[in-house]
Amino acid sequence: ASSSLAALRKAVEEGDALTLERIAHTLKGAAGNMGAPGMASICAELQDVGASGDLGGAAEPLGRLEKEFGRVRPLRILIAEDDAVSRTILRRAVEKFGHECLAAENGERAWEMFRENPGVDAIISDWMMPVIDGLELCRKVRGEEREGYTYFIFLTALGDRDHLHMGLEAGADDYISKPLDRG
């Protein structure tokens, strides 16, 4: 994240509108995927400034974005996703914001990683995975006695009301629908 902010600042200082627009666009997508609408909104402003070619209005939103990043402490986020492309998109989004990312290719490996790594702040889990599915992983996490709270977010194409209720009843905190925004 700090390297992206430095690149944005450099683009503004050098009058490089195209680079400003490109980096702001990438950060906007990552912020949107990670549930940070305030950051995504600021990045959209910077993207528009870059697209206009007039960088005179970039300093104020860039300053706000730097403040937003300064408030964020790095988190340890565990991703449980059997699809390699989705796992890579999530990993990049998490790491772009400066967070530590642990990634597992199935629910069983995610459960092992959760138990081996204290201080997991959040789990983003697919629902349908081999060996242990996301629902069972969520139940196991909620049954584990541990200091601190771990947020559990389902990432799935199963967007109907019944699955939403099942996930929340198992202890999930939130639900993100697939496909992810790659922008």
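Residues numbered from 1 in each chain as written. Predicted model: local features only at pLDDT ≥ 70, side-chain atom pairs only at ≥ 80, totals over all residues. Heavy atoms only, no water.

A look at the nonpolar core
Thinking step 1. Within the largest apolar cluster, 24 residues are counted, with the highest numbers of intra-cluster contacts made by L8, L20, L46, L65 and F69.
Thinking step 2. Mapped onto this core, the elements with two or more residues apiece are α1 (2-14), α2 (17-33), α3 (37-52) and α4 (59-71).
Thinking step 3. Tallying contributions element by element places α2 first for this core, with seven residues.
Thinking step 4. Within the second largest apolar cluster, 22 residues are counted, among which are L102, A104, V141 and Y175. (Core = buried A, V, L, I, M, F, W, Y, C linked by side-chain atoms within 4.5 Å. Buried < 20%, exposed > 50% of the residue type's maximum accessible area, 1.4 Å probe, protein only. Helix = DSSP H or I, 4+ residues; strand = E, 2+ residues; numbered from the N terminus.)

Quick notes on the side chain of E81
Thinking step 1. Here E81 is to be found in the loop between β1 (76-80) and α5 (84-96).
Thinking step 2. Once residues within four sequence positions are removed from consideration, E81 is found in contact with S86, R87, A104, E105, D126, M129, L155 and K178. (Contact = heavy atoms within 4.5 Å.)

Focus on the side chain of N117
Thinking step 1. Its location among the elements puts N117 in the loop between α6 (107-116) and β3 (122-126).
Thinking step 2. Residue classification places N117 among the buried residues on the basis of a relative accessible area of 19%.

Quick word on the packing of α3 against α4
Thinking step 1. Two elements in contact, α3 and α4, have axes whose closest approach is 9 Å; the angle formed by their N-to-C orientations is 155°. Comparing their axes, α4 and α3 come out roughly antiparallel. Both α3 and α4 take part in a crossing whose hand is left-handed. Counting all contacts with α3, which are made through M39, I42, C43, E45 and L46, the residues of α4 involved are P61, L62, R64, L65, E68 and F69.
Thinking step 2. Classifying every residue of the contact of α3 with α4 by side-chain character gives eight nonpolar, no polar and three charged. (Axes fitted to C-alpha atoms, helices over the stretch in contact; angles between N-to-C directions. Parallel < 35°, antiparallel > 145°, perpendicular 65-115°, else oblique. Left-handed = near helix turned anticlockwise from the far one by under 90°. Nonpolar A, V, L, I, M, F, W, Y, C, P; charged D, E, K, R; others polar.)

Quick look at α3
Thinking step 1. Over its 16 residues, α3 runs 22 Å from end to end, which matches the ideal 22 Å to within 8%, given 1.5 Å per residue.
Thinking step 2. For α3, the set of buried residues is M39, A40, I42, C43, L46, Q47, V49 and G50.
Thinking step 3. Once α3 finishes, G53 follows within two positions and takes phi at roughly 85°, a positive value. (Expected span 1.5 Å × (residues − 1).)

Things to note about the packing of aromatic side chains
Thinking step 1. Tallying each qualifying case throughout the model produces four aromatic pairs.
Thinking step 2. On the basis of an interplanar angle of 35° and a centroid distance of 4.8 Å, the ring pair of W127 and F154 is categorised as tilted. Of this pair, W127 sits in the loop between β3 and α7 (134-143) while F154 sits in strand β4 (residues 151-156), and the two are 27 residues apart along the sequence. With respect to burial, W127 and F154 carry one shared label: buried. (Phe/Tyr/Trp six-rings, centres within 6.5 Å; stacked < 30°, edge-to-face > 60°.)

A closer look at the packing of α7 against helix α8 (residues 161-170)
Thinking step 1. Two elements in contact, α7 and α8, have axes separated by 9 Å at closest approach and are oriented at 20°. The orientation of α7 with respect to α8, classified from their angle, is roughly parallel. Two secondary-structure elements touch here, α7 through L135, C138, R139 and R142 and α8 through M166, G167 and A170.
Thinking step 2. For the contact of α7 with α8, the class distribution of residues is four nonpolar, one polar and two charged.

Focus: unusual backbone geometry
Thinking step 1. Even without glycine at this site, V131 takes up a positive phi of about 70°.
Thinking step 2. In this fold, V131 is placed in the loop between β3 and α7.

Remarks on the sheet that holds β3
Thinking step 1. Here we have five strands laid out as an open sheet, ordered β2-β1-β3-β4-β5, and parallel in their pairing. Two strands bound the open sheet, and with one partner strand each, they are β2 (100-104) and β5 (174-177). The average undirected angle you get between the axes of adjacent strands in this sheet is 20°.
Thinking step 2. In this structure, β1 lies alongside β3, joined through four bridges in parallel fashion. Its bridge partner lying in β3, A80 is registered against S125. (Pairing = 2+ DSSP bridges.)

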